[in-house]
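# Report on the structure
These are the residues of each chain, in order.
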Amino acid sequence: MRLLGRFCCCCCCREGSVRRISVDAVIPLFTVPLLTVIAAQNLVCTILVFLMSPPLVYYIYRNFLRFLMRTKFFLMWTISSVLMLMAIFEISVVPLLEILPEENYVFMAAVVAGLVCGYKTRQNADQVAQEDLQIQGLELGESSDDICNTCKRHVLPKTFHCRICQTCILRREYHCKWLDCCIGGSNLRWYMGCLFCSAVAFIYGSNLTMTTICHPFVFVGTVLLPDDCSDAYHQLDISICFVSSIYSLTIGLIVTFYFFYHLWLQYLGTTTNERRLLNNGNEHDKGILKNVIQFFCCKS
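Residues numbered from 1 in each chain as written. Predicted model: local features only at pLDDT ≥ 70, side-chain atom pairs only at ≥ 80, totals over all residues. Heavy atoms only, no water.

### Thoughts on the environment of His161
Relative to the assigned elements, His161 resides in strand β5 (residues 159–162). For His161, a relative accessible area of 21% corresponds to the partly exposed category. For the pair His161 and Asn149, spaced 12 residues apart in sequence, the C-alpha separation works out to 8.4 Å. (Helix = DSSP H or I, 4+ residues; strand = E, 2+ residues; numbered from the N terminus. Buried < 20%, exposed > 50% of the residue type's maximum accessible area, 1.4 Å probe, protein only.)

This is the structure in structure tokens:
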């Protein structure tokens, strides 16, 4: 099983060259749509898929991906999910003519903003402490007495080494699996923007979808909420929309939690990495819940 990461799929590029795509990056492209179709068969399938997907991802990671130093599996899962949800919304939900053009514009604006912020988060990631020092006009080795135990490099305070990125990150939060980059001082603002815009897009898109395919009721003013979704499984295309809305709402709530969590950390003037080091001095003292959260969100 350890050899799985060494096998590659090849696709032809221009000028006769060949670009290799690792298997771990291809798996989500088929897994995410397949699980969605299976979940759309009936209510029981929906419940089973949502309950079994996290153990499935964990099984794939434990038996295949953990032997790789760096994997694109989670990043491609993110990209596949976003593209699939957008396609379902624009192709299946919007044509039902229950959504105003202005509502679709707001949704698309949030999606585009989230994608731009996510791209900027990755673009500004993996910057070593030396770059941050140069921005401040400082010289490594002269202005800092702290030395990284891993790379033996002079670093600023609050700089931590990431074994995945293989570099030191100033004000490091964690290595985000779903964006495949470290979150730190160089890209935290973009990451916060990505969380906020993504939360708006996922939750708003879920609400628009549910109030379109289900019988809605007026909550406050012009705000609608779904009331009766008993007919959601009568047609496959409608049930796929329903499942996608549940998936989108789940992701939106998780992203919202992390957005407010990071706001709280900034209010306290600390980082996720510092709190982890403070509360878990012994690596073996971590609870099961903390291990699960760390696996599905980030790596220390």
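### Some details on the side chain of Thr31
Looking at where Thr31 falls in the secondary structure, it is placed in helix α1 (residues 23–39). Here Thr31 falls in the buried class, since its relative accessible area comes to 13%. A distance of 2.8 Å separates a polar atom in the side chain of Thr31 from the backbone oxygen of Ile27. (Polar contact = N/O pair within 3.5 Å; in protein donor to acceptor, adjacent residues only side chain to side chain.)

### Things to note about the UniProt feature "transmembrane region" (unreviewed entry) in the protein chain
Per the UniProt record, "transmembrane region" (unreviewed entry) is found at residues 30–61, 73–93, 105–121, 195–218 and 238–261. When the span residues 195–218 is considered, its composition is 79% helix and 17% strand, and the gap between its end C-alpha atoms is 28 Å. In this annotation, residues 238–261 is assigned 100% helix and 0% strand; the end-to-end C-alpha distance for the span is 35 Å. (UniProt positions renumbered as here; feature names shortened; annotations may be inferred.)

### Thoughts on the pairing of strand β10 (residues 223–228)
Judged from the 5 bridges that link them, strand β9 (residues 215–220) and β10 form a sheet pairing that is antiparallel. Each residue of the ladder has a partner; that of Val218, found in β10, is Leu224. The antiparallel hairpin formed by β9 and β10 contains 2 residues in its connecting segment, where Gly221 sits at a positive phi of about 60°. (Pairing = 2+ DSSP bridges.)

### A short note on unusual backbone geometry
We note that Leu97 has phi near 65°; this positive angle belongs to a residue other than glycine. Among the structural elements, Leu97 can be located in the loop between α3 (73–93) and α4 (101–123). Residue Leu97 is classed as exposed on the basis of its relative accessible area, which comes to 72%. The phi dihedral of Arg171 is positive, around 50°, even though this residue is not glycine. Overall, Arg171 belongs to the partly exposed group, its relative accessible area being 39%.

### As for α1
Over its 17 residues, α1 runs 24 Å from end to end, which matches the ideal 24 Å to within 8%, given 1.5 Å per residue. Turning to α1, its buried residues number three or more, namely Val23, Asp24, Ala25, Val26, Pro28, Thr31, Val32, Leu35, Thr36 and Ala39. (Expected span 1.5 Å × (residues − 1).)

### Things to note about the packing of aromatic side chains
Considering all chains together, one arrives at 14 aromatic pairs under this definition. On the basis of an interplanar angle of 50° and a centroid distance of 5.8 Å, the ring pair of Phe73 and Trp77 is categorised as tilted. Taken together, the residues Phe73 and Trp77, both in helix α3 and 4 residues apart, mark about one turn of the helix. Here Phe73 matches Trp77 in class, with each residue buried. Their ring planes at 75° and their centres at 5.4 Å tell us that Phe259 and Phe260 sit as a pair that is edge-to-face. You can call Phe260 exposed: its relative accessible area is 51%. (Phe/Tyr/Trp six-rings, centres within 6.5 Å; stacked < 30°, edge-to-face > 60°.)

### Considering the packing of α4 against helix α6 (residues 188–213)
Geometrically, a packed helix pair is captured by the angle between its two axes and the distance between the axes. Put simply, α4 and α6 touch, their axes get as near as 8 Å, and they point 150° apart. If you check the angle between α4 and α6, you find them roughly antiparallel. α6 is crossed by α4, and the crossing has left-handed handedness. Contact residues: Glu103, Val106, Phe107, Ala110, Val111, Ala113, Gly114, Cys117, Gly118, Lys120 and Thr121 in α4; Trp190, Tyr191, Gly193, Cys194, Cys197, Ser198, Val200, Ala201, Tyr204, Gly205 and Leu208 in α6. (Axes fitted to C-alpha atoms, helices over the stretch in contact; angles between N-to-C directions. Parallel < 35°, antiparallel > 145°, perpendicular 65-115°, else oblique. Left-handed = near helix turned anticlockwise from the far one by under 90°. Contact = heavy atoms within 4.5 Å.)

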